[in-house]
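Reading the structure
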Amino acid sequence: MKLYTLFRSSAAYRVRIALNLKGLSYESVGVALAKGEHRTAEYAAINPQQLIPALVADGTVLNQSLAIIEYLDEIYPDRPLLPPDPLGRARVRSMALAIACDIHPLNNLRVLNYLRTRLRQHEAGVNAWYRHWIAEGFAGLEKQVREYSIGQRYCYGDDVSLADICLVPQIYNARRFECDLGPYPTLVAISTHLESLAPFAAARPEAQPDAPA
Ligand SMILES: N[C@@H](CCC(=O)N[C@@H](CS)C(=O)NCC(=O)O)C(=O)O
């Protein structure tokens, strides 16, 4: 398998965690967003949505991190990433989608660049935007994990799931932009536990081949 990735891309980080949880080896191909490499015709031929990640698997290209992860979960069902019951799956997907659909897209590079260039926002305004949407999303998630987590080790129950795969990269982003995580002690406790697990640790940005030395 070949993963088009960037060390600090949280969507790629999700897929790296899932690949590691499934014990699948892959080759990393770095795509430098800051240099606009995802905007090239060459990359558009790989991923028509021109975002990362993209995964080459089984002779085809997959995109959208959650679609990739659910595909991997179906093809490699050992160590499932979704609970066995419909209610559990709905709750895990609710938390994963809160991050992947409601927080992350608002703080994506192209959105921040639009604020900077077209709307002429200075860096303080961009950072305030970033922190606002993290706070909005994390407030609801904190309540959910308090209800669903057993022992503050995983977002749902007592096993790793798609929600955990989405949480850890989003906490990384929040720390990178110096968001106040004080109001979300359960999210932080869960993320700290997850970060100590080998599949998560191997996927962290600093451990990637395209990370700066
Ligand atoms: N919903 C997509 C989001 C992918 C995405 O936005 N990736 C970011 C990096 S984390 C990207 O390629 N951004 C390029 C840009 O904003 O121009 C997924 O989950 O795969």
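Rules used in this analysis
- Each chain carries its own residue numbering, running from 1 in the written order of its sequence.
- Given that the model is predicted, a residue must reach a pLDDT of at least 70 before its local features are reported, and side-chain atom pairs must reach 80 or more before they are shown or counted; all residues, however, enter totals for whole chains, interfaces and linings.
- Under the scheme used here, helices are H or I runs from DSSP no shorter than 4 residues and strands are E runs no shorter than 2 residues, and both carry numbers assigned from the N terminus.
- Three exposure classes are used, all based on how many other C-beta atoms lie within 10 Å of a residue's own C-beta (placed from the backbone): buried at 20 or more, exposed at 12 or fewer, and partly exposed between those limits.
- C-beta atoms are first placed from the backbone for all residues, and any pair lying within 7 Å is then listed as a contact.
- If DSSP finds at least two bridges between two strands, the strands pair.
- Axis lines are fitted to C-alpha atoms, over the contacting stretch for helices. Their N-to-C directions set the angle, which ranges from 0 to 180 degrees.
- We call a residue near a molecule or strand when the C-beta position, derived from backbone atoms, sits within 6 Å of it.
- Residues are grouped as follows: Ala, Val, Leu, Ile, Met, Phe, Trp, Tyr, Cys and Pro are nonpolar; Asp, Glu, Lys and Arg are charged; every other residue, Gly included, is polar.
- What counts as a domain boundary in this text is fixed by an automatic or database domain assignment.
- For a helix, the expected span equals 1.5 Å multiplied by the number of residues minus one.
- Roughly parallel covers angles under 35 degrees, roughly antiparallel covers those over 145, roughly perpendicular covers 65 to 115, and oblique covers all other angles.
- For any pair of crossing helices, the crossing counts as left-handed if the nearer helix is rotated counterclockwise from the farther one by less than a right angle, and right-handed if it is rotated clockwise.
- Here a nonpolar core is just a set of buried residues of the types Ala, Val, Leu, Ile, Met, Phe, Trp, Tyr and Cys, joined wherever their C-beta atoms sit within 7 Å.

What to know about the overall build of the protein chain
Along the protein chain, the regular secondary structure elements total 9 helices and 4 strands. Ordering the α and β elements of the protein chain from the N terminus gives β-α-β-α-β-β-α-α-α-α-α-α-α. Its C-alpha atoms give the protein chain principal-axis dimensions of roughly 45 × 45 × 35 Å. When burial is assessed residue by residue, the protein chain has 34% of its 213 residues classed as buried. Nonlocal contacts in the protein chain, meaning residues at least 24 apart in sequence, comprise 68% of its contacts between residues at least 6 apart.

Let's talk about the sheet that holds strand β3 (residues 54–57)
What the 4 strands build is an open sheet, ordered β2-β1-β3-β4; its pairing is mixed. This sheet does not close on itself; its edge strands, each paired only once, are β2 (27–30) and β4 (60–63). When strand polarity is set aside, the average angle formed by the axes of neighbouring strands in this sheet is 20 degrees.

So, the site of the ligand
Around the ligand lies a shell of 15 residues, among which Ser9, Leu51, Ser65, Leu109 and Arg110 are the nearest. Only α1 (10–21), α3 (65–75) and α5 (109–117) provide two or more residues apiece to the shell around the ligand. When its residues are assigned to classes, the shell around the ligand shows 8 nonpolar, 6 polar and 1 charged. Counting the residues that make up the shell around the ligand, at least three belong to each of domain 1 (2–79) and domain 2 (86–199).

Brief notes about α1
With 12 residues, α1 extends 16 Å between its outermost C-alpha atoms, agreeing within 8% with the 16 Å of an ideal straight helix rising 1.5 Å per residue. Within the span of α1, buried status applies to Ser10, Ala11, Ala12, Tyr13, Arg14, Val15, Arg16, Ile17, Ala18, Leu19 and Leu21. Each element contacted by the buried residues of α1 is listed here: β1 (2–5), β3, α3, α7 (162–176) and α9 (198–201). Phi turns positive, to about 70 degrees, at Gly23, one or two residues after α1.

Structural notes on the packing of α1 against α7
Across the interface, α1 lies against α7 with an axial gap of 9 Å and an inter-helix angle of 140 degrees. Comparing the axis directions of α1 and α7 gives the class oblique. With respect to the hand of their crossing, α1 and α7 are arranged in right-handed fashion. Residue-level contacts link Ser10, Tyr13, Arg14, Ile17 and Ala18 of α1 to Ile165, Cys166, Val168, Pro169, Gln170, Tyr172 and Asn173 of α7. Across the contact of α1 with α7, the residue classes break down as 8 nonpolar, 3 polar and 1 charged.

Thoughts on the domain arrangement of the protein chain
In terms of domains, the protein chain is made up of domain 1 (2–79) and domain 2 (86–199). Centre-to-centre, using C-alpha coordinates, domain 1 lies 20 Å away from domain 2. Residue assignment for the side of domain 1 that touches domain 2 shows that the elements contributing at least two residues are α1 and α3. The element that contributes the greatest number of residues to the side of domain 1 that touches domain 2 is α1, accounting for 7 residues.

Overview of the pairing of β1
As paired strands, β1 and β2 are joined by 4 bridges and run parallel to one another. If you follow Tyr4 over to β2, its bridge partner there is Val29. Note: β1 against β3, 3 bridges, orientation antiparallel. Within the sheet, the bridge partner assigned to Lys2 lies in β3 and is Val56.

Thoughts on the nonpolar core
Ranked by internal contacts, the top residues of the largest apolar core, which has 53 residues, are Ala18, Ile69, Ala96, Ala163 and Leu167. Listed by contribution, the elements that provide at least two residues to this core are β1, α1, β3, α3, α4 (86–103), α6 (123–148), α7 and α8 (185–195). Two domains each donate at least three residues to this core, and these are domain 1 (2–79) and domain 2 (86–199). Non-local contacts of Ala18, meaning those with residues more than four positions away in its chain, are made with Ile69, Leu72, Leu81 and Ile165.

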